[in-house]
Amino acid sequence: MEAIITFKDVSKTYESGTHALHHVSLHVEKGEFVFIVGPSGAGKSTLIKMLLREETPTKGTVLVNGYNLCTMKRRHIPAFRRTIGVVFQDFRLIPTMTVYENVAFALQVTNVSSKYIRRRVPYILDLLGLAKKARSYPPEISGGEQQRVALARALVNNPALIIADEPTGNIDPELSYEIVELLNEINRCGTTIVMVTHEHGLVSHFDHRVIGIEKGRVILDKGGKPQ
Ligand code: ADP
């Protein structure tokens, strides 16, 4: 199996002196679905920021999607980020753009033809059950629908890896399962998923690998497909 994420003995100390991560080593293989769990302040966001190259480690090495994030030149960061789809708790949609435009925008910043965009966006919206909402604006649709738009936007570039940071934190609990089911379907098509969550119910309902972080250390790593 081929690793898509490798942390080699990663430690992070913020300038304030806070030790957010201590000697974290982990591998995520291509095609895995991994939940990251842990109490507030455990270091989950720091780990995610490291994966997106928003922060760099104080010590250790981070490899994602074939890029070494510690030695990568600044000018390569945008190309690297386009290989990842990101979904946030607060959706981060552009309220003055329609659902269609929000998703199309993620493609317009890449070098694809407008013909491709006109084909790809409706396909992705349809896949996520959003075809009828294409002309709506984010404030006009429900939280669950907004998160599906955010997922559509994350998927439209066909990324190898999706990072979902508490994607169900702002939506009704019953819709949380729907979002994870969608992530499951995406995962079944081969995309690697890393999802941070607080919701123990979700984690125990789905049979995925669980990585537990506490006080900046990996304290649990269980489940998932046999490697
Ligand atoms: P989690 O996402 O699990 O709640 P975080 O990664 O946000 O945890 O935080 C881990 C620790 O690092 C906490 O003690 C937090 O206060 C600290 N921390 C997070 N971001 C920063 C920052 N930018 N500067 C200083 N300390 C930070």
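So, a few notes on the structure that sits alongside this text. Here the structure is a predicted model, which is why all the values come from computation and not from measurement. (Residues numbered from 1 in each chain as written. Predicted model: local features only at pLDDT ≥ 70, side-chain atom pairs only at ≥ 80, totals over all residues. Heavy atoms only, no water.)

## Quick word on helix α5 (residues 143-155)
1) Next: In this model, α5 (13 residues) spans 18 Å end to end at C-alpha, consistent with the 18 Å of a helix rising 1.5 Å per residue.
2) Next: Most of α5 sits inside the fold, with 12 of its 13 residues counted as buried.
3) Next: Looking at the buried positions of α5, the neighbouring elements they touch are β6 (84-88), α3 (99-108), α4 (114-127), β7 (161-165) and α6 (173-188). (Helix = DSSP H or I, 4+ residues; strand = E, 2+ residues; numbered from the N terminus. Expected span 1.5 Å × (residues − 1). Buried < 20%, exposed > 50% of the residue type's maximum accessible area, 1.4 Å probe, protein only. Contact = heavy atoms within 4.5 Å.)

## Points about the nonpolar core
1) Next: One finds Leu125, Leu183 and Met195 to be the most contacted residues of the largest nonpolar core, which totals 40 residues.
2) Next: In terms of residue count, α5 provides more of this core than any other element does, six residues in total.
3) Next: Excluding its chain neighbours within four sequence positions, the residues that come into contact with Leu183 are Phe33, Leu151, Ile162, Ile193 and Met195.
4) Next: Val34, Val62, Val64 and Val194 belong to the second largest nonpolar core, which has 31 residues in total. (Core = buried A, V, L, I, M, F, W, Y, C linked by side-chain atoms within 4.5 Å.)

## What to know about the site of the ligand
1) Next: In the vicinity of the ligand, the contacting residues are Tyr14, Ser16, Thr18, Ala20, Pro39, Ser40, Gly41, Ala42, Gly43, Lys44, Ser45 and Thr46.
2) Next: Gly43 places a polar main-chain atom, nitrogen or oxygen, 3.0 Å from an oxygen atom of the ligand.
3) Next: Notes on the ligand: free accessible area 560 Å², of which the protein chains cover 63%.
4) Next: With three residues, helix α1 (residues 44-51) is the single largest residue contributor to the shell around the ligand.
5) Next: Its residues assigned to classes, the shell around the ligand comprises four nonpolar, seven polar and one charged. (Near = heavy atom within 4 Å. Polar contact = N/O pair within 3.5 Å; in protein donor to acceptor, adjacent residues only side chain to side chain. Areas by Shrake-Rupley, 256 points an atom, 1.4 Å probe, with all protein chains shown as cover. Nonpolar A, V, L, I, M, F, W, Y, C, P; charged D, E, K, R; others polar.)

## Some details on the pattern of salt bridges
Any two side chains of opposite charge can pair if their charged atoms end up close together.
1) Next: Applying the stated rule across the entire model yields seven salt bridges.
2) Next: The salt bridge partner of Lys30 is Glu2, with a shortest N-O separation of 3.2 Å. With Lys30 in the loop between β2 (19-29) and β3 (33-37) and Glu2 in the segment before β1 (3-13), this residue pair connects regions lying 28 residues apart in the sequence.
3) Next: Given a relative accessible area of 48%, Glu2 falls into the partly exposed group.
4) Next: For the salt bridge of Glu32 with Arg209, the shortest nitrogen-to-oxygen distance reads 2.9 Å. With Glu32 in the loop between β2 and β3 and Arg209 in strand β9 (residues 209-214), this pair connects stretches of sequence that are 177 residues apart. (Salt bridge = Lys/Arg side-chain N within 4 Å of Asp/Glu carboxyl O.)

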